[in-house]
Amino acid sequence: MLLIERYLLRQFVQSVTAVAVVLLLVGLGGLLVDLMSDIARGQVPAGLLLSQLGLRSIQVLPLLLPLALFVGLLLAVGRLYGDSEMAVLASVGLGPRQLWRPLAAVTIPVALLVAAASLWAAPAGARLAQRMVEDANRSFLVAGLEAGRFIELPGRGGILYVGEIDTEGSRFGRMFVQSERDGRIDVVTASEGELILEGERGRYLLLRDGFRVEGDPAARDFRMMRFQENELQVPDREPEVGADELNAVATGALLPATAPAARAELHWRMVTPLLVLVLGVLALPLGRGEPRQARYGRILAALLIYINAMILLVLGKGWLAVGMMPAWLGLWWLLLPMAALATWLFATDGRLPRRRVSA
């Protein structure tokens, strides 16, 4: 690379990195809120907060990195025009079309990173996150229960106390559970028991040698019974509504699949890294401006372009999943026109005037 190209590359990398850090922090904040909500509903044990946050952050990289690259390049190119550096470059014969090498040196690595996250890391992280939650549901220890301490069940399902827990976290001794429903109190005690996770039944307690008292304190209506063995459903596990199970399927397993939903997921994973290349090429002509022109208006334009593109991609994915669009068309109906427009704008942007040769 020329010295000026290395300088431009450094400016592009700094701008894209700064925007990416800001967007990732904002994205992590949103993921943390969603994760805390899942923990409150009992879908995720509290002990897995950090690990689940890290694994879920991989899944948002294909959404945040294209926007970070687009906005970062627009800001960097806009600064070059605002400080009249592009005018100086044009005076020595370096127009916008001659800046493809520093632009490619930034765009291609980001596209490869998005491709790795979309095709491999995100599905692998989703599978690992599901497996960790399933394993944790079999253990009281991972769920945050300690022997000799009263805790509130997630979702305010009641109060739980155990006197002893084995090393695996599934068997316990001297248990007390108090819950309330429709104004009636239910108190269960048992000498021993274990936590069982079984298919559709979910998570429940198998209790042995205990008592159960149930009734309405206001009406002084109570019933007491003794049992040798009893099953108690743990009320802190809620099914996920509308969960997309395909996000945890490996990309290799989606290739031979013929189901419309699987084909839609495959097209989505392939389009996201290609979208990075399109946005990278589109950023250079859109970043053109006058020296005294406001620089940050480009951010709004970048957000509108990116949001509209993502909305259309999401709609296209939904149409593919329900069979409203043929599988061969995929999401190319949007990506190819965007690529053609970006290529045309890049090719026609900033043409330098030809030198006149005097006779």
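So, here is what we can say about the structure in this document. Within any chain, residue numbers begin from 1 and follow the written order of that chain's sequence. The model is predicted, so local features are restricted to residues of pLDDT at least 70 and side-chain atom pairs to those at 80 or more, both for listing and for counting; the totals for chains, interfaces and linings are taken over all residues. Side-chain numbers here rest on the full set of heavy atoms in the structure, without hydrogens or water.

## Overview of the packing of aromatic side chains
- Put simply, two rings from Phe, Tyr or Trp (the six-membered ring, in Trp's case) pair if the centres are within 6.5 Å, and we call them stacked under 30 degrees between planes, edge-to-face over 60, tilted for the rest. All chains considered together, the criterion is met by one aromatic pair.
- Lying across the ring of Trp268, Lys317 places its NZ or CZ 5.1 Å from the centre. Here, over-ring charges are defined by two tests on the NZ atom of lysine or the CZ atom of arginine: distance to the ring centre within 6 Å, and angle to the ring normal within 35 degrees.

## A closer look at unusual backbone geometry
- If you check the backbone angles, Arg174 has positive phi at about 55° while not being a glycine.
- Mapped onto the elements of the fold, Arg174 is located in strand β3 (residues 171-181).
- If you check the backbone angles, Asp209 has positive phi at about 55° while not being a glycine.
- Within the secondary structure, Asp209 is located in strand β5 (residues 202-216).
- To sort residues, take the accessible area from a 1.4 Å probe on protein chains only and compare it with the maximum for the residue type: under 20% means buried, over 50% means exposed, and anything in between is partly exposed. Given the relative accessible area of 32%, Asp209 is considered partly exposed. Numbering of helices and strands starts at the N terminus; helices are DSSP runs of H or I of at least 4 residues and strands are runs of E of at least 2.

## Quick notes on the packing of helix α8 (residues 297-321) against helix α9 (residues 332-348)
- Whenever a helix is involved, its axis is fitted only over the stretch in contact; in every case the axis is a line through C-alpha atoms, and angles between N-to-C directions fall within 0 to 180 degrees. It is at 9 Å that the axes of α8 and α9 come closest, and there the two elements cross at 150°. One way to sum up the angle between α8 and α9 is to call them roughly antiparallel. Between α8 and α9, the contacting residues are Ala309, Leu312, Leu313, Gly316 and Trp319 on the first element and Trp333, Leu334 and Met338 on the second.
- Three classes are used, and their members are as follows: Ala, Val, Leu, Ile, Met, Phe, Trp, Tyr, Cys and Pro are nonpolar, Asp, Glu, Lys and Arg are charged, and the others, Gly among them, are polar. Broken down by class, the residue content of the contact of α8 with α9 amounts to seven nonpolar, one polar and no charged. Reported orientations rely on four angle classes, namely roughly parallel under 35 degrees, roughly antiparallel over 145, roughly perpendicular from 65 to 115, and oblique for the rest. When checking whether two residues touch, look at their non-hydrogen atoms; a contact exists if any pair is within 4.5 Å.

## Things to note about the packing of helix α7 (residues 260-286) against α8
- In the contact formed by α7 and α8, the axes pass within 10 Å of each other and the chain directions differ by 160°. By the criterion of interaxial angle, the relationship of α7 to α8 is roughly antiparallel. Remark: the crossing between α7 and α8 carries right-handed chirality. Contacts between α7 and α8 involve Pro260, Ala261, Ala264, Glu265, His267, Trp268, Val271, Leu275, Leu279, Leu282 and Leu286 on the former and, on the latter, Arg298, Ile305, Tyr306, Met310, Leu313, Val314, Lys317, Leu320 and Ala321.
- A breakdown of the residues in the contact of α7 with α8 according to their chemical character gives 16 nonpolar, one polar and three charged. For a crossing to be left-handed, the near helix must be turned anticlockwise from the far one by less than a right angle; the clockwise case is right-handed.

## Description of the nonpolar core
- Residues belong to a common nonpolar core when they are buried Ala, Val, Leu, Ile, Met, Phe, Trp, Tyr or Cys residues joined through side-chain atoms within 4.5 Å. Grouped together as the largest cluster of nonpolar side chains are 51 residues, with contacts concentrated most on Phe12, Leu69, Phe70, Leu73, Leu275, Leu313 and Met338.
- For this core, the secondary structure elements donating two or more residues are α1 (3-40), α3 (61-82), α4 (85-91), α5 (100-136), α7, α8 and α9.
- Sort the elements by how many residues they give to this core and α3 lands first, with 13 residues.
- Among the nonpolar cores identified, the runner-up in size contains 13 residues, and Val162, Val188, Leu195 and Phe227 belong to it.

Remember that the coordinates give geometry; whether it matters functionally is a separate question.
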